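The chain contents come next:
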Amino acid sequence: MGLSSNRVEDLSGHACNDSFELPTSNNEPLEVHRVCLPPHKTTLQKLRQRLLEVFFPDDPLHKFKNQTCLTKFLLGLQFFFPVFEWGPQYNLKLLRADIISGFTIASLAIPQGISYAKLANLPPIVGLYSSFVPPLIYSVLGSSRHLAVGPVSIASLVMGTMLSEVVSYTEEPLLYLQLAFTATLFAGLFQASLGFFRLGFIIDFLSKATLVGFMAGAAVIVSMQQLKGLLGMIHFTSKMQIIPVLSSVFQHKDEWSWQTIVMGVCFLAFLLTTRQISTRNPKFFWLSAASPLASVILSTLIVALLKSKAHGIQTIGHLSKGLNPPSMNMLYLSGPYLPLAIKTGIVSGILALTEGIAVGRTFAALKNYQVDGNKEMMAIGLMNMAGCCSSCYVTTGSFSRSAVNYNAGAQTVVSNIIMATAVLITLLFLMPLFYYTPIVILATIIITAVIGLIDFQAAFRLWKVDKLDFMACICSFFGVLFISVPLGLAIAVGVSVFKILLHVTRPNTGVLGNIPGTQVYQNLHRYRTAVRIPSFLILAVEAPIYFANSTYLQESFIYLESICNYRVLRWIREEEERIVANKETEIKCVIIDMTAVSSIDSSGIDTICELRRTLDKRSLKLVLANPGGNVMEKLHESDALESFGLNGIYLTVSEAVADISSFWKKEPELPI
């Protein structure tokens, strides 16, 4: 098959650097380059390259190239178990720093673990179990040095909400616990599968805007749910929406306990004050880290000493001592509630994974080291799979605990081992001390933790930068607040996907003009100094051209005679009206700058061919400038290049303008 132009070369076997010169208006030669096709590849080679780009963009096996078998084995151990990478260089100096940070985050993890378990409607002891085994697993498999692992508020809230909507944790506590462990299993399976099959890009559909609104709405819902403990109420709604919660609060005003309210307000003020001090002055990070444990100890002492006068204050009660009991026999793997466990596990797993990876990457960037997202997914997934068999529920990296860990000077994941050791000591020896711990303290700890999830500045930036992102944020926020947590999240994801579809199906297009004194062509609306070139209409398409947007582009560029109601050209029509109004030279040539067109499919090719035929009927010439390698290959294989003829494909817009203008001057009597 021949090629359509003497400047289009099939040079797949060697470099393409041929060019020839044309005289310009200033009698200076203009170098016009040949437009080359990409190197020839078989279908199998193309598929292999595409799969590598999608699933292995970081080339994880590059370290194994040209290595001996022993070196490959050691590198394999380091790849799957990062502990073998940093372990040989570990020393006493690092251990001292990790011991300090480990005990520091333990002072936060113990009260938070108990509190978040209550948030998930689970026994408080499960929160401590979940702060013991998962950190040990992560310390072997995880690649983040500062991620502090344990229960988190968002995953706890989602699990508690989704399970309690179907199963009552008060009427069927055993079934509820079985479903929680089963949901944790499926969360771990889903997370590990994403990492193993390198499908981490799926969680990218939870955009920043979506998470800002979701977390803010969840923070409000969580805080409202804590009114039960803050007011000392016994009867409370199981629903999570704001209206039923407020209705329940005021319907049972007779249950309010003034002793509980006074204690709750005092300790809430104390926790918020220490948090504010630590936020404004990072040197005092230990204040916010130690204040939850200090509140637990102080409130427990107060209730224990005044137990005869503090009948209105509810306490945790008896917590059994001992290590995590095995729970594999409690997994609910068949029955009518299995779909509920799977759905809960996947939703809570996605949220936990998103938070864990985001937190890990945040602190890795601060210390200038890399965190492998896919390995983190596998580590968090395997951690939860092991946890479900040892009486743990969904865990991940906590932002609050990780921030404390970082500020305390943690150097490696050994800080997680130290934290787990502190939790182990608590489980074995200190559980009876929590008997008089008031439930209101757990409520104040949860409220203090989730208030930090409300990011007003981020919402304001979304409004300022991208109104559609702000809409996704607002939909997520109000969806969680007034409908439900999972549906609110689904609505937000739907808005985000709609935004993607909108950008895909309605790509940016614009008219280009020349920057005087240069060969650069830019958007006329952005650059006021850019000038139009007489007889040319230069258009830019800033997206791939394929089935989703080909019709839109066609309707934007040309007059489609088959469509009634005169749905006509946008740019050509407006350009012609402007030319008539200003009495300028009529359009003779339309140039499409395809620099930003990264790919094209059969529908896009048909659109280009239809566009060329329609413009031919109007005596207008169509020229393509700077088509990419993928686009050129598709045009060549579809025989579309044949239809463009001589002077139909150019490397740059400036070369196209100069060459065609020169041709017009030489052959003024010939039709274009």
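Structure: see above.
Residues numbered from 1 in each chain as written. Predicted model: local features only at pLDDT ≥ 70, side-chain atom pairs only at ≥ 80, totals over all residues. Heavy atoms only, no water.

J.: Summarise the overall build of the protein; cite the residues concerned and give the values.
T.: The helix and strand tally for the protein stands at 26 helices and 12 strands. When the 672 residues of the protein are sorted by exposure, 50% land in the buried category. For the protein, the share of sequence-separated contacts (at least 6 apart) that also reach a separation of at least 24 residues comes to 77%. (Helix = DSSP H or I, 4+ residues; strand = E, 2+ residues; numbered from the N terminus. Buried < 20%, exposed > 50% of the residue type's maximum accessible area, 1.4 Å probe, protein only. Contact = heavy atoms within 4.5 Å.)

J.: Please set out the pairing of strand β9 (residues 536-541) residue by residue, giving values where relevant.
T.: Of all 6 residues making up β9, 6 are buried, and the element is well covered by its neighbours. By the alternation rule, side chains of β9 split into Phe536, Ile538 and Ala540 and Leu537, Leu539 and Val541, which are all buried.

J.: Run through the packing of helix α7 (residues 153-164) against helix α8 (residues 173-196), naming residues and quoting values.
T.: One can describe the packing of α7 onto α8 by two numbers: an axis separation of 11 Å at closest approach and a directional angle of 130°. Our classification of the angle between α7 and α8 gives oblique. Regarding α7 and α8, the two cross each other, and that crossing is right-handed. Here α7 contributes Met159, Gly160, Leu163 and Ser164 to the contact with α8, which in turn contributes Tyr176, Leu179, Ala180, Ala183 and Thr184. (Axes fitted to C-alpha atoms, helices over the stretch in contact; angles between N-to-C directions. Parallel < 35°, antiparallel > 145°, perpendicular 65-115°, else oblique. Left-handed = near helix turned anticlockwise from the far one by under 90°.)

J.: Explain the pattern of salt bridges residue by residue, including any values.
T.: For the structure on display, the rule yields 4 salt bridges. Ionic pairing is found between Asp466 and Lys499, a salt bridge with its closest N-O pair at 3.0 Å. Placement of Asp466 in the loop between α19 (456-465) and α20 (467-482) and of Lys499 in helix α21 (residues 485-505) is noted, with a sequence separation of 33 residues between them. A relative accessible area of 22% places Asp466 in the partly exposed class. Connected through shared salt-bridge partners, Asp466, Asp469 and Lys499 make up one network. (Salt bridge = Lys/Arg side-chain N within 4 Å of Asp/Glu carboxyl O.)

J.: Report on unusual backbone geometry, specifying residues and quantitative values.
T.: Phi angles above zero are rare outside glycine, and Asn121 is one such case at about 60°. With respect to the secondary-structure elements, Asn121 resides in the loop between α4 (92-119) and α5 (124-129). Here the phi dihedral of Asn368 falls at roughly 60°; this positive angle occurs in a residue that is not glycine. Within the secondary structure, Asn368 sits in the loop between α14 (338-367) and α15 (373-388).

J.: Any details on α15? Residues and values, ideally.
T.: In this model α15 runs 23 Å from its N-terminal to its C-terminal C-alpha over 16 residues, within 8% of the 22 Å that 1.5 Å per residue would give. Most of α15 sits inside the fold, with 12 of its 16 residues counted as buried. When α15 is considered as a whole, its buried residues turn out to be Gly373, Asn374, Lys375, Glu376, Met377, Ala379, Ile380, Gly381, Met383, Asn384, Gly387 and Cys388. Residues of α15 that are buried make contact with α2 (69-80), α6 (133-141), β5 (149-150), α8, α14 and β6 (396-397). (Expected span 1.5 Å × (residues − 1).)

J.: I'd like to hear about the sheet that holds strand β10 (residues 589-593), residue by residue, with values.
T.: Backbone-to-backbone hydrogen bonds pair the strands of a sheet. The strands run either parallel or antiparallel. The 6 strands lie next to each other as β8-β7-β9-β10-β11-β12, forming an open sheet whose pairing is mixed. A single partner strand is all that each edge strand has here, and the edge strands are β8 (521-523) and β12 (649-650). One ladder, built from 5 bridges, connects β9 with β10; its direction is parallel. For Leu539, the partnering residue across the bridge sits in β10 and is Ile592. Relative to the sheet, helix α24 (residues 602-617) contacts β10 and β11 (621-625), its axis offset from that of β11 by approximately 145°. (Pairing = 2+ DSSP bridges.)

J.: Tell me what's going on with the nonpolar core, and back it up with residues and numbers.
T.: Formed by 86 residues in total, the largest nonpolar core has its most connected members in Leu122, Ile125, Val158, Leu179, Phe214, Leu351 and Leu427. Ignoring anything within four residues of it in the chain, the contact list for Phe214 reads Ile154, Val158, Leu351, Ser476, Val480, Val485 and Leu489. Residues Val541, Ile545, Tyr552 and Ala640 belong to the second largest nonpolar core, which totals 34 residues. (Core = buried A, V, L, I, M, F, W, Y, C linked by side-chain atoms within 4.5 Å.)

Function cannot be read off these values alone, since they describe shape.
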